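Residue-level structural notes
Each chain, letter by letter, is given below.
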Amino acid sequence: MNKQLFNSSKEIRQDKLGRLLVYSALTVVLVLALAMLYFIFSKGIATFTQNHINFWDFLTRSNWNTDNLQKPDLGAWALMVTSAETTLLAVLVTTPLALVIAIYIVVMSPKIGGRIVQPLTELLLGIPSVVYGFVGLTLLIPFLRNWAGGTGFGVLAASLVLALMILPTITSLAVEALNGVPQSYQTFAYSLGCTKWQVIVHVLLKISAPNLLVAVIFGVARAFGEALAVQMVIGNTVQLPLGLFTPAATLTSKLTTDMGNTIDDTLASNALWSLALLLLVMSLIFNLLAKLVLRRSQSRESISR
Amino acid sequence: MNRYRVNQIMTGILNGVTLLVVLFIAAFILYLLASGMTAINWRFLTTSSEVGLGIRDQLFNSLYLLLLTQLISLPIALGAAMALTLYVDKRSKFASFAQGLIQILSSLPSIIVGLFGFLILVLKFNLGFSIISGALALTFFNLPILTQSIAVSLQGVPDEVMQSGLALGISKWHTITKIILPEAMPGIWSGIVISAGRVFGEAATLIYTAGQSAPTLDYTNWNPLNPASPLNIFRPAETLAVHIWKVNTESLGQDAATVSRGTIVILILVVLLFNLVARYFSTTMRKKVGR
Amino acid sequence: MDTYLNLPEEKDSDIVAKDVNIYYGKQQAIANCNANFPRHQITALIGPSGSGKSTFLHSINRMNDGIARVEGELVYQGQNLLDPKVNVYNLRHQIGMLFQKPMPFAKSIYENLALPLREAGNHNQADIAKRIDRVLKMVDLQHEIGKDLNKSALHYQVGSNSGFV
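Residues numbered from 1 in each chain as written. Chains lettered and ligands numbered in written order. Predicted model: local features only at pLDDT ≥ 70, side-chain atom pairs only at ≥ 80, totals over all residues. Heavy atoms only, no water.

Comments concerning the overall build of chain B
A count of helices and strands for chain B gives 11 helices and zero strands. For chain B, the spread of C-alpha atoms along the principal axes amounts to about 70 × 65 × 35 Å. Burial status across chain B gives 58% buried among its 291 residues. A separation threshold of at least 6 residues defines the contact pool for chain B, and within that pool the share at least 24 residues apart is 74%. For chain B, the centre of its 19 positive side-chain charges and the centre of its 11 negative side-chain charges are spaced 12 Å apart. (Helix = DSSP H or I, 4+ residues; strand = E, 2+ residues; numbered from the N terminus. Buried < 20%, exposed > 50% of the residue type's maximum accessible area, 1.4 Å probe, protein only. Contact = heavy atoms within 4.5 Å. Lys, Arg positive; Asp, Glu negative; His and termini not counted. Charge placed at Lys NZ, Arg CZ, Asp CG, Glu CD.)

See the structure below:
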């Protein structure tokens, strides 16, 4: 009989310790995530449950007036529109450029791309958002003021600052997406006599399209959630952005400007938490979208194999 | 127009646009460096913002917060990443739940993380605008990113390595800590350095947690409980990035611009340094130990 | 596939498989395997690829834990080694396993050989050095890699892991 098999050993003790350590760490992260979702949600709905603001009014009205407690006129519509508009403009400007750079890095010249272009975009990725805000404030706004008149502050300034900010985000994700296409596909297409442009359009872009879309979605998410850089150049006036040069305010810029001036558990503060909740919901939607796109492309891939 | 002509034109456009964008980025960075260099001198680096418009205290605060944040988040992120990649059954519901949650956390706008920190740390736990509030809020911001990057590095080690270790009768924990972890280390270091860059430049998370004021510090006082001591974790601490934001929103005129330009140069140099270090880890070191 | 390997008597065998069934999820990999593995002999399992040889061997070392479901009994020196109470590490110290694909650790050759010894409780540096030297001579590699012991093991593809504990 081999009794030794049932004896405990130092390995068992080591494993117990290891399991304890890693699962506690994972628990900390998960509890943190759940706590964050819970607190922002519960704070965010207080405007409607405690202060009895009509939820529909909140979504559709454009004024932000929390001073009159009897008849508060409170709505996030203008903020949401501005957020959407600045983000959309930024993404429209940046996506084509980011795609071109990514294609250059992956296909046109991997050597120069890897040595110069990619490190340069990575450096851009590392530059703090306040720096973009500052450049917007000191270079872009005087330029816009001279060019179009007015103050220069507004939707266009915010969009351009955001466009530069998300350029490296989309580029680096797009490079990853294009690199995900097996090299053999390219070789195969070339052997059939395709030109470089045909390979780019019909092989690379086509196969990596879902992942490129995800890259754009993450760019959108970053632009939508950026606070300080936008707050520095948009002018911070709650109103519907009728023109590109109208000073306006986004969800994030409103939060940044006002959170320090409110007292916890008042309507003014709760209303801001509702904005945070809107941001959170949008961030969840972007995540969900990215996940859906990836899942669809994966299921299609598995069918075609 | 035949396809060869199309090819010529389109690849020409691709090259041209890339060149333009690259020139633009290079000009942007050079402009930032060149316009800020004149603002940098010994006085700028060694005086406090109140006395000599310097950034001595902000620089120290940034580094101190970075250090504390990484000290808190690294062990947790390492453990969580190990659990996700080496312990949890990857096909299980729990695994996809945990991964989804971490993904959500990592893509939250940083202002939300800052507000959560404000609510929980500053108000509920009554820590006030302080280094500890800031470091914990930055940890909330940093944890999911770091966890994900460490998980990717750990996944890069072949499954067979674990099998080999176990088959030799080495415990799972020691197989991980003594064999898998060292092999994944270059990738992990590079992830740590990249996350450090993000933490160093982060401002939205900090304006309502570490605060927007930098009390003048007394660098001869190393008693962590004294309010003027640099080490005190319960004092408010404005960082470099927050400083740029604050001086520009409060608009101190010409001084604001000069101070910002100088600060930006420091920020960019630090980020550049971090990028180079990360690159060193991910290429040179990986070549040394990688498969 | 029913497998019967009944060469020696059970009493002369160190490892006996009794009605072993192995499943990956719902898919069955091994069905009703009965086999005796005689003491002091070399037994070869042969079969086409995918017939479950590795799966079976993994089970003897309990390397399938958490991956496949193993039913039946694998008796090792009178104990069912599939018993959940078995300390798999003690088992693996007694039954070694070499893999098809060599998988050296990302360490020096010397460390690859020394680490399992240290993990098994041997902390005598001189003894470890002596054992490594002996093993290298045993497999006649002392000339080829004897002077390169401090170089990374990943660049040498010389046989399998140090499974000699």
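Structural notes on the interface of chain C and chain A
Contacts between chain C and chain A engage 16 residues on the former and 14 residues on the latter. Around 1300 Å² of area is buried between chain C and chain A when both sides are counted, 50% of it from carbon and sulfur atoms. Here chain C and chain A share zero salt bridges between them. The interface formed by chain C and chain A holds seven residue pairs in polar contact (both at pLDDT 80 or more) in total. Of all the elements, helix α2 (residues 88–94) of chain C adds the most residues to the side of chain C that touches chain A, at five residues. When its residues are assigned to classes, the side of chain C that touches chain A shows five nonpolar, eight polar and three charged. (Buried area = accessible area lost by both parts, 1.4 Å probe. Salt bridge = Lys/Arg side-chain N within 4 Å of Asp/Glu carboxyl O. Polar contact = N/O pair within 3.5 Å; in protein donor to acceptor, adjacent residues only side chain to side chain. Nonpolar A, V, L, I, M, F, W, Y, C, P; charged D, E, K, R; others polar.)

Observations concerning the packing of aromatic side chains
Going through the model one piece at a time under the given rule, you end up with 20 aromatic pairs over all chains. Pairing A:Phe48 with A:Phe58 gives two aromatic rings, centres 5.3 Å apart and planes at 80°, and the pair type is edge-to-face. Here A:Phe58 lies in helix α3 (residues 55–60) and A:Phe48 lies in helix α2 (residues 46–49), a separation of 10 residues in the sequence. Plain terms: the ring middles of B:Phe116 and B:Phe140 are 5.5 Å apart, the flat faces sit at 55° to each other, and that makes the pair tilted. With B:Phe116 in helix α6 (residues 110–124) and B:Phe140 in helix α7 (residues 131–155), this residue pair connects regions lying 24 residues apart in the sequence. Of the two residues, B:Phe116 and B:Phe140, neither departs from the other in class, the shared state being buried. Linked through ring pairs, A:Tyr38, A:Phe39, B:Phe116 and B:Phe140 together constitute an aromatic cluster. The aromatic ring of B:Tyr87 is capped on one face by B:Lys172, whose charged end is 4.2 Å from the ring centroid. (Phe/Tyr/Trp six-rings, centres within 6.5 Å; stacked < 30°, edge-to-face > 60°. Lys NZ or Arg CZ within 6 Å of the ring centre and 35° of its normal.)

Comments concerning the pairing of strand β3 (residues 27–38) of chain C
Residue and element names in this part refer to chain C. The sheet contact formed by strand β2 (residues 13–24) and β3 spans eight bridges and is antiparallel. Pairing of Ile22 across the sheet is with Ile30, part of β3. The turn joining β2 and β3, which pair antiparallel and follow one another in sequence, is formed by two residues; a positive phi near 60° is taken by Gly25. (Pairing = 2+ DSSP bridges.)

Comments concerning the domain arrangement of chain B
All names here are of chain B. Split by domain assignment, chain B resolves into domain 1 (1–37) and domain 2 (44–290). The distance between the C-alpha centroids of domain 1 and domain 2 comes to 34 Å. Facing the six residues of domain 1 at the interface are six residues of domain 2. Carbon and sulfur atoms supply 77% of the area that domain 1 and domain 2 bury against each other, a total of about 520 Å² over both sides. The largest share of the area that domain 1 buries against domain 2 comes from Leu32, Leu33 and Gly36, three residues that together contribute 63% of it. Remark: the boundary between domain 1 and domain 2 carries zero salt bridges. Where domain 1 meets domain 2, there are one residue pair in polar contact (both at pLDDT 80 or more). A per-class count over the side of domain 1 that touches domain 2 returns four nonpolar, two polar and no charged. (Domains from an automatic or database assignment.)

Here we look at unusual backbone geometry
A positive phi angle is found at A:Asp265, which is not glycine, with a value near 70°. Within the secondary structure, A:Asp265 sits in the loop between α11 (251–258) and α12 (267–304). Despite not being glycine, C:Arg62 has its phi angle at roughly 55°, a positive value. Locating C:Arg62 in the fold gives a position in the loop between α1 (53–60) and β4 (69–76).

Remarks on the nonpolar core
Grouped together as the largest cluster of nonpolar side chains are 197 residues, with contacts concentrated most on A:Leu275 and B:Leu154. Sort the elements by how many residues they give to this core and helix α7 (residues 155–179) of chain A lands first, with 15 residues. Ignoring anything within four residues of it in the chain, the contact list for B:Leu154 reads B:Ala81, B:Met82, B:Thr85, B:Leu86, B:Ile180, B:Leu181, B:Ala184 and B:Ile188. Membership of the second largest hydrophobic core comes to 19 residues, among which are C:Ile15, C:Ile60, C:Leu74 and C:Val86. (Core = buried A, V, L, I, M, F, W, Y, C linked by side-chain atoms within 4.5 Å.)

Side note on the side chain of C:Asn34
Tracing the chain through its elements places C:Asn34 in strand β3. Among the polar contacts made by the side chain of C:Asn34, one reaches the main-chain amide nitrogen of C:Asp19 at a distance of 2.8 Å.

Some remarks on the interface of chain A and chain B
At the interface, 78 residues of chain A touch 77 residues of chain B. Summing both partners gives a buried area of about 6800 Å² for chain A against chain B, and 81% of it is carried by carbon and sulfur. Looking only at chain A, the three residues that lose the most surface to chain B are A:Met36, A:Phe134 and A:Trp197, adding up to 9% of its buried area. Inspection of the chain A/chain B interface yields one salt bridge. Residues B:Arg279 and A:Glu122 are paired through a salt bridge, measuring 3.3 Å at the closest nitrogen-oxygen approach. For the pair chain A and chain B, the interface holds 15 residue pairs in polar contact (both at pLDDT 80 or more). Ranked by residues supplied to the side of chain A that touches chain B, first place goes to helix α1 (residues 10–44) of chain A with 23 residues. Within the side of chain A that touches chain B, the residues separate by chemical class into 53 nonpolar, 17 polar and eight charged.

Some details on α11(A)
With respect to burial, α11(A) is a largely interior element, seven of its eight residues being buried. Taken together, the buried positions of α11(A) are A:Leu251, A:Thr252, A:Ser253, A:Lys254, A:Leu255, A:Thr256 and A:Asp258.

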